[in-house]
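Chains, contacts and geometry: an overview
Here is what each chain is made of, one letter per residue.
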Amino acid sequence: MNAVIELLQRHRSIRKFQPVPLTPEQIQAIVGSAQMASTSSNVQAYSLIAISDEATKRELARLAGNQAYVADSGLFIVFCADLHRIEEASKRHQDTFHTNTESFLVATIDAALAAQNAAVAAESLGLGICYIGAIRNNPEEVSQLLKLPQLVYPVFGMCIGTPDQEPSYRPRLPQAGILHWNAYEETTMQQGIDEYDRTIHQYYLERTQGQTVTTWSRGIADKYQKPVRAHVKTFLEARGFKLE
Ligand SMILES: Cc1cc2nc3c(=O)[nH]c(=O)nc-3n(C[C@H](O)[C@H](O)[C@H](O)COP(=O)(O)O)c2cc1C
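The rules we used
Residue numbers restart at each chain and count upward from 1, following the sequence in its written direction. Where totals are concerned, whole chains, interfaces and linings use all residues; where local detail is concerned, this predicted model gives features only for residues with pLDDT of at least 70, and gives and counts side-chain atom pairs only at 80 or more. By convention in this description, side-chain values take in all heavy atoms of the structure and omit both hydrogens and water. UniProt positions are given in the numbering used here, feature names are shortened, and annotations may be inferred rather than shown by experiment. One heavy atom within 4 Å of a molecule or strand makes the whole residue count as near it. Contacts described as polar in this section are N or O atom pairs within 3.5 Å, which, within protein, must combine one atom able to donate a hydrogen with one able to accept it, while residues neighboring in sequence count only if both atoms come from side chains. To be clear on the numbers: accessible area is Shrake-Rupley with a 1.4 Å probe, and residue cover counts the displayed protein chains and nothing else. Ten residues, namely Ala, Val, Leu, Ile, Met, Phe, Trp, Tyr, Cys and Pro, are considered nonpolar, four, namely Asp, Glu, Lys and Arg, are considered charged, and the remaining ones, Gly among them, are considered polar. Strands were regarded as paired on the criterion that DSSP finds at least two bridges between them. Numbering of helices and strands runs from the N terminus, with a helix taken as a DSSP run of H or I at least four residues long and a strand as a DSSP run of E at least two residues long. Interaxial angle, 0 to 180 degrees, is taken between N-to-C directions of lines fitted to C-alpha atoms, where a helix line uses only the stretch in contact. A pair of aromatic rings is counted whenever rings of Phe, Tyr or Trp (Trp by its six-membered ring) have centres within 6.5 Å, and the orientation is called stacked for planes under 30 degrees apart, edge-to-face for over 60 and tilted otherwise. Among buried residues, those of type Ala, Val, Leu, Ile, Met, Phe, Trp, Tyr and Cys that are joined through side-chain atoms within 4.5 Å constitute a nonpolar core. Categorising residues by exposure relies on relative accessible area from a 1.4 Å probe, with only protein chains included: less than 20% of the type maximum marks a residue as buried, more than 50% marks it as exposed, and the intermediate range marks it as partly exposed. Two residues qualify as a contact provided that any one of their heavy atoms is within 4.5 Å of a heavy atom in the partner residue.

Naming follows an unreviewed UniProt entry, where the protein chain appears as Oxygen-insensitive NADPH nitroreductase of Paenibacillus filicis. Per UniProt, the protein chain carries the Sequence similarities (unreviewed entry) text "Belongs to the flavin oxidoreductase frp family."

See below:
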């Protein structure tokens, strides 16, 4: 259709990188693109911590459940939601600074939008990326390692680098299962799950030469059987985010 849409629809996470650091021009282009993402009321409530230090990368890889590609990536960037800067702006004008669930959401969404722009920019340069939500397995240790002030938290990391693998594309839910016209359509949503279960069943059979027999709903049900990262609320509150 056009080059941008083709690029977007060619995305797949990369988990094996060549040992090639990013050039300063690549980093500037990626971060510049991240910064031009839309941002709620221009608050720009995020900060990026770029990790060039190898020992810090290795420590982050460990804290993220020993995901080796964190250490092996050309650059690892931690995307943080940042209300600290806003608090500082408020202080300059002796204004009271209020934080609540809404401001937490605004900062988190801002960080995610910036990250996705960075991802697309990196992919347009022929680089590969992988988001790393697992840094929230140990968010307090990550925050201390990166010396994050109060009101800043690591939302996720992103591995960026020269791909050293050609993984297959992961099929998504059928469009009719996620696109609702004018109001939520429960029936088409349910049909979407049915159809996607068949797609994912086939996808895993082919990818694992018949070894993995599962469906999407089976995998998701397993994941949500127990609370996921239940420590996150306590962590956020300790970091000054008020979830009220
Ligand atoms: C917020 C977020 C966190 C993620 N965390 C991880 C992670 O810790 N480790 C990992 O290998 N992949 C991670 N992923 C990648 C997803 O598993 C991947 O995007 C998804 O399975 C779809 O596959 P694809 O990106 O290859 O199309 C994360 C993705 C997102 C958006």
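The immediate surroundings of the ligand are formed by 14 residues, with His11, Ser13, Arg15, Tyr69 and Gly133 found nearest. In the model, a nitrogen atom of the ligand is placed 2.8 Å from a nitrogen or oxygen of the Gly133 main chain. Side-chain polar atom of Arg170 to an oxygen atom of the ligand: 3.4 Å apart, as the coordinates give it. Surface burial for the ligand is 69%, taken as the share of its 620 Å² of free accessible area covered by protein chains. Its residues assigned to classes, the shell around the ligand comprises six nonpolar, four polar and four charged.

This brings us to the sheet that holds strand S4 (residues 152–161). Sheet architecture is open: four strands sit in the order S1-S2-S4-S3, paired in antiparallel fashion. Single-partner strands in this sheet number two, and they are strand S1 (46–51) and strand S3 (128–132). When strand polarity is set aside, the average angle formed by the axes of neighbouring strands in this sheet is 25°. For S3 and S4, the ladder comprises five bridges, and the chain directions are antiparallel. The residue bridging Ile132 from the neighbouring strand is Gly157, located in S4.

It is worth spelling out the packing of aromatic side chains at this point. Considering all chains together, one arrives at seven aromatic pairs under this definition. Connected via pairs of aromatic rings, a cluster forms that spans Phe79, Tyr131 and Phe156.

Here we take up the nonpolar core. Formed by 31 residues in total, the largest nonpolar core has its most connected members in Ile30, Phe79, Tyr153, Met158, Ile160 and Leu236. Secondary structure elements with two or more residues in this core: helix H2 (24–35), strand S2 (75–82), helix H6 (101–124), S4 and helix H11 (232–238). Among the elements that make up this core, the one with the highest residue count is H6 (nine residues). Non-local contacts of Met158, meaning those with residues more than four positions away in its chain, are made with Leu75, Phe76, Ile77, Phe79, Ala115, Ala119, Ile129, Cys130, Tyr131 and Ile132. Counting 22 residues, the second-largest nonpolar core is a separate cluster that includes Phe76, Val78, Cys130 and Ile132.

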